[in-house]
Amino acid sequence: MDSRNWTRRSLAAQAMGKIDAQTRAVVPPIHVATTYIRDEDNGYSSGFVYGRPDNETIREAESVLAMLEEAEAGAFLFGSGMAAATAVFQALSPGDHVVASKVMYWALRAWLLTEATRWGLSIEFVETDDLVALRDAMKPGVTRLVWVETPSNPLWTITDIAAAAEIAHAAGAKLAVDSTCASPVHTRPLTLGADIVMHAATKVLNGHSDVVAGALCAREDDAFWNRIKTVRRSQGGILGPFEAYLLMRGMRTLHVRQERQSASAMALAERLSSHPLVTRVLYPGLPQHPGHDIAARQMEGGFGYMLSIQVAGGEAAAVRTAAGVQLYKRATSLGGVESLIEHRASIEGAGSPCPPDLLRLSTGIEDVDDLHADLDRALRAGHGAG
Ligand SMILES: *Cc1c(COP(=O)(O)O)cnc(C)c1O
């Protein structure tokens, strides 16, 4: 099948249309071997040597993701989103300066503060949606990496990827984007000038809350990407083949799930904006959201499946609201077909920019009227009990 003839949606639905050569099966087998027969002349004509650096099932899932992200240099799967993200930082050298989004996935911020600094990296957190602040933080020739999360967890601030790429490149730095919450359905950062895209594939790419996985995609097969390849190969960060198979199955339905989830998130954001017990809705699809205009430019077909609400009555009412849901599941993580609700401040702890009255909502594929009714009932009960 010539992939140039078909849209990304069609190619994803068929996981690139690969047919098993021996059986003609439309679903290729899962390759579990950790080792491969050598040729008589001692070579490896199949191209496979050992299971830690490489695996055919992993390659198949990577080819789907590389296609989705329009990643010319390809994609690499890792055992988790954190394993993928940290590989980027481990590809840097001691003394390198990094500028990163202040609002970002809390566990990565914690890793940067505690672990990355021990490796000799100097990390500076700025509001990357403020391009002046971003430009001011750059140290030309010393800053090697700008790390941006957009929309950023859990406030859904939007960073202008094209502008951030220009600022990074002007200082001689790479731009990496954590695009977990946009997904390649809505945004493809490499086409906007980013060098690396990172995904917690645990989330909407897999979409069924049953795989922990991470991914990196690159625009250019350059020295930095080769450093990252070395880190994955030598440190054993590769995903397992069973997980890669499940992820590939998940990506076949990415477009239909993501479109439904984003449409429902938009509908909920609009309806909750006029709810008497909601003081603020954070969602880039709303015109009053500070990043709306940029989001409208760099996100297509929707604004994503994540939103947050701030609840009248403060932290206690927010916690009681989360306690009162029935259809929403009170759990961490995001991007699955089931909707999740979480009081983030109690997870993120001190130093988090997350307000205490905030509830994070991951929108699944349930009936949107049911989701609204569940939240409405829980908000009222949570307020009444106070
Ligand atoms: C979940 C998440 C991560 C980390 O991914 P894991 O697979 O849990 O390691 C990183 N970034 C964002 C935005 C996430 O939501």
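Residues numbered from 1 in each chain as written. Predicted model: local features only at pLDDT ≥ 70, side-chain atom pairs only at ≥ 80, totals over all residues. Heavy atoms only, no water.

**A closer look at the nonpolar core**
One finds Leu77, Val146 and Leu175 to be the most contacted residues of the largest nonpolar core, which totals 58 residues. No other element matches helix H2 (residues 56-69), which puts seven residues into this core. Each of domain 1 (3-251) and domain 2 (254-382) contributes no fewer than three residues to this core. Setting aside residues up to four positions removed in sequence, valine 146 forms contacts with Val99, Leu134, Met138, Ala168, Ala173, Lys174, Leu175 and Ala176. In this structure, Val278, Tyr283, Ile294 and Ala322 belong to the second largest nonpolar core, which totals 32 residues. (Core = buried A, V, L, I, M, F, W, Y, C linked by side-chain atoms within 4.5 Å. Buried < 20%, exposed > 50% of the residue type's maximum accessible area, 1.4 Å probe, protein only. Helix = DSSP H or I, 4+ residues; strand = E, 2+ residues; numbered from the N terminus. Domains from an automatic or database assignment. Contact = heavy atoms within 4.5 Å.)

**Describing the packing of H2 against helix H9 (residues 241-252)**
Two numbers describe how H2 lies on H9: the axes approach to 8 Å, and their chain directions differ by 35°. Crossing hand, H2 versus H9: left-handed. Every residue of H9 that contacts H2 at Thr57, Ile58, Glu60, Ala61, Val64, Leu65 and Leu68 is listed here: Pro241, Ala244, Tyr245, Met248 and Met251. For the contact of H2 with H9, the residue count by class is ten nonpolar, one polar and one charged. (Axes fitted to C-alpha atoms, helices over the stretch in contact; angles between N-to-C directions. Left-handed = near helix turned anticlockwise from the far one by under 90°. Nonpolar A, V, L, I, M, F, W, Y, C, P; charged D, E, K, R; others polar.)

**Structural notes on the domain arrangement of the chain**
You'll often see interface size given as the accessible area lost when the parts meet. According to the domain assignment, the chain contains domain 1 (3-251) and domain 2 (254-382). Here the C-alpha centroids of domain 1 and domain 2 sit 26 Å apart. Listed as interface residues are 38 residues of domain 1 and, on the opposing side, 41 residues of domain 2. Counting each side, the surface lost to burial between domain 1 and domain 2 is near 3,200 Å², with a carbon and sulfur contribution of 57%. It is Trp156, Ile158 and His186 that lose the most area in domain 1 upon contact with domain 2, and together they represent 23% of the buried surface on that side. Across the contact surface, domain 1 and domain 2 share five salt bridges. (Buried area = accessible area lost by both parts, 1.4 Å probe. Salt bridge = Lys/Arg side-chain N within 4 Å of Asp/Glu carboxyl O.)

**What to know about a nonpolar patch on the surface**
Taken together, Ile19, Val26 and Val27 make up a surface patch of nonpolar side chains, about 240 Å² in accessible area. Within the fold, valine 27 resides in the loop between helix H1 (8-13) and H2. A residue is classified by how much of its surface remains accessible, and valine 27, at 41% relative accessible area, is partly exposed. (Patch = residues over 30% accessible without salt bridge, like charges linked within 9 Å, V, L, I, M, F, W, Y side chains within 5 Å. Areas by Shrake-Rupley, 256 points an atom, 1.4 Å probe, with all protein chains shown as cover.)

**Some thoughts on the sheet that holds strand E8 (residues 278-282)**
Spatial strand order, E8-E9-E12-E11-E10: five strands in an open sheet with mixed pairing. Whereas interior strands pair on both sides, the edge strands pair on one side only; in this sheet they are E8 and strand E10 (329-330). The pairing of strand E9 (residues 306-311) with strand E12 (residues 358-362) spans five bridges and is classified as antiparallel. If you follow glutamine 310 over to E12, its bridge partner there is leucine 358. (Pairing = 2+ DSSP bridges.)

**Observations regarding the sheet that holds strand E2 (residues 97-101)**
The seven strands are arranged E1-E7-E6-E5-E4-E2-E3 in an open sheet whose pairing can be described as mixed. Edge strands, defined here as strands with exactly one partner in the open sheet, are strand E1 (74-78) and strand E3 (122-126). Taken pair by pair, the neighbouring strands of this sheet meet at an average axis angle of 20°, ignoring direction. In terms of strand pairing, strand E6 (residues 196-200) meets strand E7 (residues 214-218) through five bridges, oriented antiparallel. Considered in E7, the bridge of histidine 199 is made with alanine 215. Running over the sheet, helix H4 (residues 106-114) touches E2, E3 and strand E4 (143-149) and is turned about 140° from E3.

**Focus on the packing of aromatic side chains**
Evaluation of the coordinates by the stated rule reveals four aromatic pairs. Centroid distance phenylalanine 89 to tryptophan 111: 6.0 Å. Interplanar angle 50°. Geometry classified as tilted. Taken together, the positions of phenylalanine 89 in helix H3 (residues 81-90) and tryptophan 111 in helix H4 put the pair 22 residues apart, joining distant regions of the chain. Using a relative accessible area of 1% as the deciding quantity, one classes phenylalanine 89 as buried. Residues phenylalanine 89 and tryptophan 147 carry aromatic rings whose centres are separated by 5.0 Å and whose planes lie at 40° to one another, so their mutual orientation is tilted. Of this pair, phenylalanine 89 sits in helix H3 while tryptophan 147 sits in strand E4, placing them 58 residues apart in sequence. For the pair phenylalanine 89 and tryptophan 147, a shared accessibility class is recorded, and that class is buried. Joined through ring pairs, the aromatic side chains of Phe89, Trp111 and Trp147 make up one cluster. Positioned above the aromatic ring of phenylalanine 78, the side-chain terminus of arginine 232 is 5.9 Å from the ring centre. (Phe/Tyr/Trp six-rings, centres within 6.5 Å; stacked < 30°, edge-to-face > 60°. Lys NZ or Arg CZ within 6 Å of the ring centre and 35° of its normal.)

**Re the side chain of aspartate 357**
Among the secondary structure elements, aspartate 357 is positioned in the loop between helix H13 (345-348) and E12. The charged side chain of aspartate 357 is buried without a salt bridge, its nearest counter-charge being arginine 280 at 7.9 Å. There is a polar contact of 3.0 Å between the side chain of aspartate 357 and the side chain of glutamine 310. Apart from the residues lying within four places of it in its own chain, the contact partners of aspartate 357 are Thr279, Ile309, Gln310, Val311, Gly314, Glu315 and Ala318. (Lys, Arg positive; Asp, Glu negative; His and termini not counted. Polar contact = N/O pair within 3.5 Å; in protein donor to acceptor, adjacent residues only side chain to side chain.)

**Focus on the site of the ligand**
Looking at the ligand, there are 14 residues lining it, with Gly81, Met82, Asp178, Thr202 and Lys203 nearest. Between an oxygen atom of the ligand and a main-chain N or O atom of glycine 81, the distance comes to 2.8 Å. Contact distances for the ligand include 2.7 Å between a nitrogen atom and a side-chain N or O atom of aspartate 178. At the level of secondary structure, the elements contributing two or more residues to the shell around the ligand comprise H3 and E6. Residues that form the shell around the ligand fall into these classes: six nonpolar, five polar and three charged. (Near = heavy atom within 4 Å.)

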